[in-house]
Amino acid sequence: MSKLYDDVILDHIRNVRNYEVPADPDRSGEAINPLCGDSFQVYVKLDGERIEQVSFQCECCGIAMASASIMTGWLKGHTQREALEIKRRFVETVTARSTEALPGGPADHTAILQVVQASPARDGCAMLAWTALEQALAAD
Ligand code: FES
């Protein structure tokens, strides 16, 4: 893993984005990583079908936190359907141990893909926020 990717991950840990519980979330979801027991909560505020804000709280490692921090910025403004499709493609890419950027994704997300390729056992960390997000959007 290159220093560039280390720096991206560290920035998302030190200056984590959207680490908060919003006052009145429209949706929320939880996930637990069965391998380590770490837990994750995602909160979604909606504007109609569109995602206005995604935020989170967790007891988790830095990789899970960085992945969530990137996810929250990525999904803002997307519809719920688009967000679930992005989740599906992200998980597919992580599972394939690919580092190929997803079309339209923020530059930062390839740092997570690099981590998983270098350390495949961290795939659960990378996907934890996305699992909680899917649960949030499924909760109607
Ligand atoms: Fe638990 Fe990464 S070690 S989520």
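Below you will find a few notes about this structure. Everything numeric in this text was worked out from a predicted model, so none of it was measured. (Residues numbered from 1 in each chain as written. Predicted model: local features only at pLDDT ≥ 70, side-chain atom pairs only at ≥ 80, totals over all residues. Heavy atoms only, no water.)

## Brief notes about the sheet that holds strand β3 (residues 50–59)
Stage number 1. If you trace the three strands from one edge of the open sheet to the other, you get β1-β2-β3, paired in antiparallel fashion. With partners counted over all chains shown, the strands left at the sheet margins are β1 (27–32) and β3, one partner each. Ignoring which end each strand starts from, the neighbouring axes of this sheet average 20° apart.
Stage number 2. Pairing between β1 and strand β2 (residues 39–47): six bridges, direction antiparallel. Looking across to β2, one finds that R27 is bridged to V44.
Stage number 3. Seen against the sheet, helix α2 (residues 62–75) touches β2 and β3 and runs at an angle of roughly 170° to β3. (Pairing = 2+ DSSP bridges. Helix = DSSP H or I, 4+ residues; strand = E, 2+ residues; numbered from the N terminus. Axes fitted to C-alpha atoms, helices over the stretch in contact; angles between N-to-C directions. Contact = heavy atoms within 4.5 Å.)

## Re the state of the cysteines
Stage number 1. Inspection of the entire model under this criterion finds one disulfide.
Stage number 2. Across a sulfur-sulfur distance of 2.2 Å, C58 and C60 are joined as a disulfide pair.
Stage number 3. Taking the relative accessible area as the measure of exposure, C60 reaches 22% and is therefore partly exposed. (Disulfide = S-S within 2.5 Å. Buried < 20%, exposed > 50% of the residue type's maximum accessible area, 1.4 Å probe, protein only.)

## Here we look at a negative patch on the surface
Stage number 1. A surface patch of like charges, here negative, comprises D24, D26, D47 and E52.
Stage number 2. Position of D24 relative to the elements: it lies in the loop between α1 (3–14) and β1.
Stage number 3. By relative accessible area, D24 is classed as exposed at 55%. (Patch = residues over 30% accessible without salt bridge, like charges linked within 9 Å, V, L, I, M, F, W, Y side chains within 5 Å. Areas by Shrake-Rupley, 256 points an atom, 1.4 Å probe, with all protein chains shown as cover. Salt bridge = Lys/Arg side-chain N within 4 Å of Asp/Glu carboxyl O. Lys, Arg positive; Asp, Glu negative; His and termini not counted. Charge placed at Lys NZ, Arg CZ, Asp CG, Glu CD.)

## Some details on the pattern of salt bridges
Stage number 1. Evaluation of the coordinates by the stated rule reveals seven salt bridges.
Stage number 2. Close ionic contact of E85 with R88 constitutes a salt bridge, the shortest N to O distance being 2.8 Å. With E85 and R88 both in helix α3 (residues 80–95), this residue pair falls three residues apart, about one helical turn.
Stage number 3. Among the ionic pairs, D123 bridges to R97, the shortest N-O distance being 3.3 Å. Here D123, found in helix α5 (residues 123–138), pairs with R97, found in the loop between α3 and α4 (109–118); they are 26 residues apart in sequence, far enough to count as distant.
Stage number 4. For R97, a relative accessible area of 28% puts it in the partly exposed group.
Stage number 5. Each of E85, R88, R89 and E92 takes part in salt bridges that share partners, so that together they form one network.

## Things to note about the packing of α3 against α5
Stage number 1. With their axes 10 Å apart at the nearest point, α3 and α5 run at an angle of 160° to one another. Relative to α5, α3 is oriented roughly antiparallel. In terms of crossing hand, the pair formed by α3 and α5 is left-handed. Contacts from Q80, A83, L84, I86, K87, F90, V91, V94 and T95 of α3 reach α5 at D123, A126, M127, W130, T131, E134 and L137. (Parallel < 35°, antiparallel > 145°, perpendicular 65-115°, else oblique. Left-handed = near helix turned anticlockwise from the far one by under 90°.)

## Description of the side chain of Q80
Stage number 1. With respect to the helices and strands, Q80 occurs in helix α3.
Stage number 2. Those residues within four positions of Q80 in sequence are excluded, and the remaining contacts are R27, L46, G48, E49, I51 and L137.

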